[in-house]
Amino acid sequence: MFVKKIEFKSYRNLKDSQYIPSRGVNVICGSNAQGKTNLVECIWLFTGGRSFRGSKEKDIISFGQSNAKIKAEFFAEGRDQIMEISIEKGRRKATLNGLERNYLSEIIGTFCAVVFSPDHLTLVKNGPEERRSFLDGAICQIYPLYAAYLSRYKKALNERNALLKSIPSKPYLRETIDVWDEGLASAGARVALKRINYINQLTENAVSIYDGISSGKEKLKLEYRMSYDTSPGCGLEELYEKNLKALKEKREEDISCGFTTTGIHRDDLIIKINDRPARSFGSQGQQRSAVLSLKLAEAALLGIEKGETPVILLDDVLSELDPSRQNFLLTRLGGMQVFITCCEKNINSESVVYMKDGMLSAEE
């Protein structure tokens, strides 16, 4: 899988233009706040996901403009494809190979990429929500239907929470809670099983990559911690039964709190280095290496599942690593199309462009 051409119009500070990258390592150089990250973000949006910077759609449109448009010509699934995305009034619309898509979820899985920026260190540093979001985003690219499971769960969760808040003043509603418990447990079991299976696959790759980055001096470990007890290797039916049981046991507490205290929305991915939580005990370098390992392992799994390697987006990452770690990572990325942003050209690549005031140039 690789990008052949990117076009952008009224996109953030980028000047209306096009970019034709190489199939190997592409380096985008420039000072801070020139538009390098905007270009990486533009490429990422073709995955169908939200901005990896947490930006709202309206923030993506250039100042003074009413809409933005981006277009990608890429090779995927054995053929050339074209995707166009327009952003207007805070909403996105997509066209794939000339056919308009009613929902952005319909383009997920067509163009696949893995992105890592310094902001992704929050994957280790912040709370469980960040790590659940990482898992869900990664799984959606491999299994597009997973997004439907998540949507079903969130809808049931919102309905149950609304019911919990109403029960104290309307006790007769208590009789209806069993229906929502069953729906929540059913959707939650499907999400949990996908997460567990994905982490099992992710761990093998991530541990190997981290071992290489640290030259074997440190060991990475991943654990999926659920909010209710389960047995190792349990299947869909057991996950459903255990989740349903936990919901019933927590019912009075949930009514008192006014929200659901157990379920996949409370689970966590525990990241350990040398058997100690990286969030609490990992150094800045260890945390960075851990997240890089997770992202590269994500790329490896995408490649296996899709039968073709995803595009790799590295925003201001490798320039902060010493030469030996740079060389290891670039070796791991051999055979993939890679986009790397940096302030100074200290990465060996035949394809280098320079960004200044939102304008791309072949010369500095």
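In this text, all values refer to a predicted model and were calculated from it rather than measured experimentally.

## Section: the overall build of the protein
So, step 1. Helix and strand content of the protein: eleven helices and 15 strands.
So, step 2. Its C-alpha atoms give the protein a radius of gyration of 22 Å, within 12% of the compact-globule value 21 Å for 364 residues.
So, step 3. Over its C-alpha atoms, taken along the principal directions, the protein stretches across nearly 70 × 50 × 35 Å.
So, step 4. The burial tally for the protein puts 51% of its 364 residues in the buried class.
So, step 5. Looking at the protein alone, contacts between residues at least 24 apart form 70% of all its contacts between residues at least 6 apart.
So, step 6. Working note: accessible area of the protein is about 17400 Å², and carbon and sulfur atoms make up 46% of it.
So, step 7. Distance between charge centroids for the protein: 2 Å, based on 52 positive and 48 negative side chains.

## Considerations on the pattern of salt bridges
So, step 1. Under the defined criterion, the tally for this structure stands at 19 salt bridges.
So, step 2. A salt bridge links Asp181 to Arg160; its shortest N-O distance comes to 2.5 Å. Of this pair, Asp181 sits in helix α6 (residues 177-213) while Arg160 is found in helix α5 (residues 146-166), placing the two residues 21 residues apart along the sequence. Pair check on accessibility: Asp181 and Arg160 agree, each one buried.
So, step 3. Of the charged contacts, one joins Lys242 and Glu238 as a salt bridge, the two residues approaching to 3.3 Å between their closest N and O atoms. Of this pair, Lys242 and Glu238 both sit in helix α7 (residues 236-249), four residues apart, roughly one helical turn.

## What to know about the confidence of the model for the protein
So, step 1. When pLDDT is averaged along the protein, the result is 90; 99% of the residues meet or exceed 70.
So, step 2. Across the protein, the element-wise mean pLDDT spans from 77 in helix α11 (residues 323-332) up to 96 in strand β1 (residues 2-9).

## Considering the environment of Ser361
So, step 1. Position of Ser361 relative to the elements: it lies in strand β15 (residues 359-361).
So, step 2. For the pair Ser361 and Ile28, spaced 333 residues apart in sequence, the C-alpha separation works out to 9.7 Å.
So, step 3. With residues near it in sequence (within four places) discarded, Ser361 still touches Val353 and Tyr354.

## Digging into the sheet that holds strand β9 (residues 220-225)
So, step 1. Strand order in this open sheet of three strands is β9-β10-β11, and the pairing throughout is antiparallel. With partners counted over all chains shown, the strands left at the sheet margins are β9 and β11 (276-277), one partner each.
So, step 2. As defined by bridge partners, strand β10 (residues 268-273) adjoins β11 across two bridges and the pair is classed as antiparallel. Across the sheet, Lys272 pairs through a bridge with Pro277, a residue of β11.
So, step 3. Running over the sheet, α6 touches β9 and β10 and is turned about 170° from β9.
So, step 4. Most of the contacts of helix α10 (residues 284-306) go to β10, to which it runs at about 125°, and overall it touches β9 and β10.

## A short note on the packing of helix α4 (residues 128-142) against α6
So, step 1. Relative orientation of the contacting elements α4 and α6 amounts to 90°, with a least axis distance of 10 Å. Comparing the axis directions of α4 and α6 gives the class roughly perpendicular. Of the residues in α6, those in contact with Arg132, Phe134, Leu135, Asp136, Ala138, Ile139 and Ile142 of α4 are Lys194, Arg195, Tyr198, Ile199 and Leu202.
So, step 2. Partitioning the contact of α4 with α6 into residue classes produces eight nonpolar, no polar and four charged.

## Section: the sheet that holds strand β5 (residues 79-88)
So, step 1. Here we have six strands laid out as an open sheet, ordered β2-β1-β4-β5-β6-β7, and antiparallel in their pairing. Each edge of the open sheet carries a strand with a single partner, namely β2 (17-19) and β7 (99-101). On average, each strand axis in the sheet is tilted by 20° relative to the strand beside it, whichever way the strands run.
So, step 2. Bridge count between strand β4 (residues 67-76) and β5: ten bridges; the pairing is antiparallel. The residue of β5 that forms the bridge with Ala72 is Met83.
So, step 3. Here helix α1 (residues 36-44) sits on the sheet and contacts β1, β2 and β4; the angle it forms with β1, its principal contact strand, is near 115°.

## Notes on the nonpolar core
So, step 1. One finds Phe8, Phe46, Phe111, Ile271, Leu313 and Leu318 to be the most contacted residues of the largest nonpolar core, which totals 112 residues.
So, step 2. No other element matches α6, which puts 13 residues into this core.
So, step 3. With near-sequence residues (within four places) excluded, Phe8 lies in contact with Leu14, Lys15, Asp16, Ser17, Gln18, Tyr19, Leu39, Cys42, Lys69, Ile70 and Leu360.
So, step 4. Of all hydrophobic cores here, the second largest spans six residues; its members include Leu164, Ile167, Ile177 and Ile255.

## Focus on α5
So, step 1. With 21 residues, α5 extends 31 Å between its outermost C-alpha atoms, agreeing within 8% with the 30 Å of an ideal straight helix rising 1.5 Å per residue.
So, step 2. Among all positions in α5, only Tyr146, Tyr149, Leu150, Tyr153, Ala156, Leu157, Arg160, Asn161, Leu163 and Leu164 are buried. On an axial view of α5, the arc spanned by its buried residues comes to 160°, and they lie on one face. Every exposed residue of α5 that faces more than 90 degrees away from the buried side is listed here: Lys155, Asn158 and Lys165.

Thresholds, definitions, all that
Residues numbered from 1 in each chain as written. Predicted model: local features only at pLDDT ≥ 70, side-chain atom pairs only at ≥ 80, totals over all residues. Heavy atoms only, no water. Helix = DSSP H or I, 4+ residues; strand = E, 2+ residues; numbered from the N terminus. Rg over C-alpha atoms; globule rule 2.2 N^0.38 Å. Buried < 20%, exposed > 50% of the residue type's maximum accessible area, 1.4 Å probe, protein only. Contact = heavy atoms within 4.5 Å. Areas by Shrake-Rupley, 256 points an atom, 1.4 Å probe, with all protein chains shown as cover. Lys, Arg positive; Asp, Glu negative; His and termini not counted. Charge placed at Lys NZ, Arg CZ, Asp CG, Glu CD. Salt bridge = Lys/Arg side-chain N within 4 Å of Asp/Glu carboxyl O. pLDDT = per-residue confidence, 0-100. Pairing = 2+ DSSP bridges. Axes fitted to C-alpha atoms, helices over the stretch in contact; angles between N-to-C directions. Parallel < 35°, antiparallel > 145°, perpendicular 65-115°, else oblique. Nonpolar A, V, L, I, M, F, W, Y, C, P; charged D, E, K, R; others polar. Core = buried A, V, L, I, M, F, W, Y, C linked by side-chain atoms within 4.5 Å. Expected span 1.5 Å × (residues − 1). Arc of directions from axis to C-beta.

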